[in-house]
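Now for the letters of each chain:
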Amino acid sequence: MKQDRTEKSCLYGRYMVQNGATVRETAHFFGTSKSTVHKLVTGRLKQVDPSLYAQVRRVLDTNKAERHIRGGQATREKYLHEKEEM
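No experiment lies behind these values; they were computed from the predicted model shown. (Residues numbered from 1 in each chain as written. Predicted model: local features only at pLDDT ≥ 70, side-chain atom pairs only at ≥ 80, totals over all residues. Heavy atoms only, no water.)

## Details of helix H2 (residues 23-30)
For the α-helix, the turn length of 3.6 residues means that residues three or four positions removed from each other point alike. By the burial criterion, the buried members of H2 are Val23, Thr26 and Ala27. End-on, the buried residues of H2 take up no more than an arc of 100 degrees, which puts them together on one face. Of the residues in H2, the exposed ones pointing more than 90 degrees away from the buried face are Arg24, His28 and Phe29. Following H2 by one or two positions, Gly31 adopts a phi angle in the positive range, close to 70 degrees. (Buried < 20%, exposed > 50% of the residue type's maximum accessible area, 1.4 Å probe, protein only. Helix = DSSP H or I, 4+ residues; strand = E, 2+ residues; numbered from the N terminus. Arc of directions from axis to C-beta.)

## Let's talk about the packing of aromatic side chains
Counted under the stated rule, the structure contains 4 aromatic pairs. Ring centres of Tyr12 and Phe30 lie 4.8 Å apart, and the angle between their planes is 45 degrees; on these two criteria the pair is classed as tilted. Of this pair, Tyr12 sits in helix H1 (residues 2-19) while Phe30 sits in helix H2, placing them 18 residues apart in sequence. Judged by relative accessible area, which is 4%, Tyr12 ranks as buried. Look at Phe30 and you get partly exposed, because its relative accessible area is 27%. Here the aromatic rings of Tyr15 and Phe29 are separated by 4.4 Å at their centres, their planes lie at 15 degrees, and the arrangement is stacked. One end of the pair, Tyr15, is in helix H1; the other, Phe29, is in helix H2, with 14 residues separating them in the sequence. (Phe/Tyr/Trp six-rings, centres within 6.5 Å; stacked < 30°, edge-to-face > 60°.)

Function cannot be read off these values alone, since they describe shape.
In structure tokens, the structure reads:
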């Protein structure tokens, strides 16, 4: 069981780094919850593979910095879509 979580943390981490994926995108791709992905790539991965963790941390920090931009774009598209329906 413990080995399985270790392998999953590395698998999730590699996916995030290769695709620049968010926690939500990674969770959706693997069919698991966001909290599970986040816990494995921030907690367990730090102990198992520090170099991969550093790369994942950069992806997470980038996504966090861009989060407000993606949210603004989603809101803009929502209201443009509502305006088109009128």
